[in-house]
Amino acid sequence: MLNAKGGILGKKVEVLFRDDQLKPAVGAQRTQELIEKDRCQFIVGGLAAHVQMAINEQTKRRRCCSSP
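A. Spatial organisation of the packing of helix H1 (residues 24–36) against helix H2 (residues 49–61). Relative to each other, H1 and H2 sit at 35°, their axes nearing to 8 Å. When you trace H1 past H2, the crossing you get is right-handed. Contacts between H1 and H2 involve Pro24, Gly27, Ala28, Thr31, Gln32 and Ile35 from the first element and His50, Val51, Ala54, Ile55, Gln58 and Thr59 from the second. A per-class count over the contact of H1 with H2 returns 6 nonpolar, 6 polar and no charged.

B. Spatial organisation of H2. In a regular helix each residue adds 1.5 Å, so 13 residues correspond to 18 Å; H2 covers 19 Å between its end C-alpha atoms and thus fits that length. Among the residues of H2, Val51, Gln52, Ala54, Ile55, Gln58 and Thr59 are the ones counted as buried. Each buried residue of H2 sits inside an arc of 160° when the element is viewed along its axis, so together they form one side. Residues of H2 that are exposed and point over 90 degrees away from its buried face: Ala49, Met53, Lys60 and Arg61. Positive backbone phi, at 55°, marks Arg63, one or two positions downstream of H2.

C. Quick look at the pattern of salt bridges. All told, the structure shown has 3 salt bridges when counted by the stated rule. In this structure, Arg62 and Glu36 form a salt bridge, with 2.9 Å as the shortest nitrogen-oxygen distance. Within this pair, whereas Arg62 is found in the loop between H2 and strand S2 (65–67), its partner Glu36 is found in helix H1, the two being separated by 26 residues in sequence. By relative accessible area, Arg62 is classed as partly exposed at 25%. The exposure class assigned to Glu36 is partly exposed, which follows from its relative accessible area of 48%.

Parameters and conventions
Here the residue numbers are simple positions, counted from 1 along each chain's written sequence. Residue-level local features of this predicted model are given only where pLDDT is at least 70; pairs of side-chain atoms are given and counted only at 80 or more, and the full residue set underlies all totals for whole chains, interfaces and linings. Think of the side-chain values as coming from all heavy atoms in the structure, minus any hydrogens and water. A fitted line through C-alpha atoms represents every axis, and for helices the fit uses only the stretch in contact; the resulting angles, taken between N-to-C directions, go from 0 to 180 degrees. The helix and strand labels rest on DSSP assignments: H or I over at least four residues marks a helix, E over at least two residues marks a strand, and numbering proceeds from the N terminus. Crossing handedness follows the turn of the near helix against the far one: under a right angle anticlockwise gives a left-handed crossing, and clockwise gives a right-handed one. Residues are treated as being in contact if the distance between any of their heavy atoms lies within 4.5 Å. When residues are sorted by character, Ala, Val, Leu, Ile, Met, Phe, Trp, Tyr, Cys and Pro go into the nonpolar class, Asp, Glu, Lys and Arg into the charged class, and all the rest, Gly among them, into the polar class. By this rule, a helix spans an expected 1.5 Å times one less than how many residues it contains. Exposure categories follow from relative accessible area, calculated using a 1.4 Å probe and restricted to protein chains: below 20% of the type maximum is buried, above 50% is exposed, and the middle band is partly exposed. The directions from the helix axis to the C-beta atoms form the arc being described. Note on definitions: salt bridges are taken to be side-chain nitrogens of Lys or Arg within 4 Å of carboxyl oxygens of Asp or Glu.

Structure representation (structure tokens):
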């Protein structure tokens, strides 16, 4: 529905999911892949605080937006 109305700022929105397995190292790796390979510009993070910290570190390094 969002894309039918023109997306966000004229860009199509696509939701990608990755399993962090509740492990910070896996969450960091998946986040890195989303940013570098899939060119994600906004990351909505993990459910566990310790994983979210690892995700936040990756987004800060790569200047990508993150939300818990």
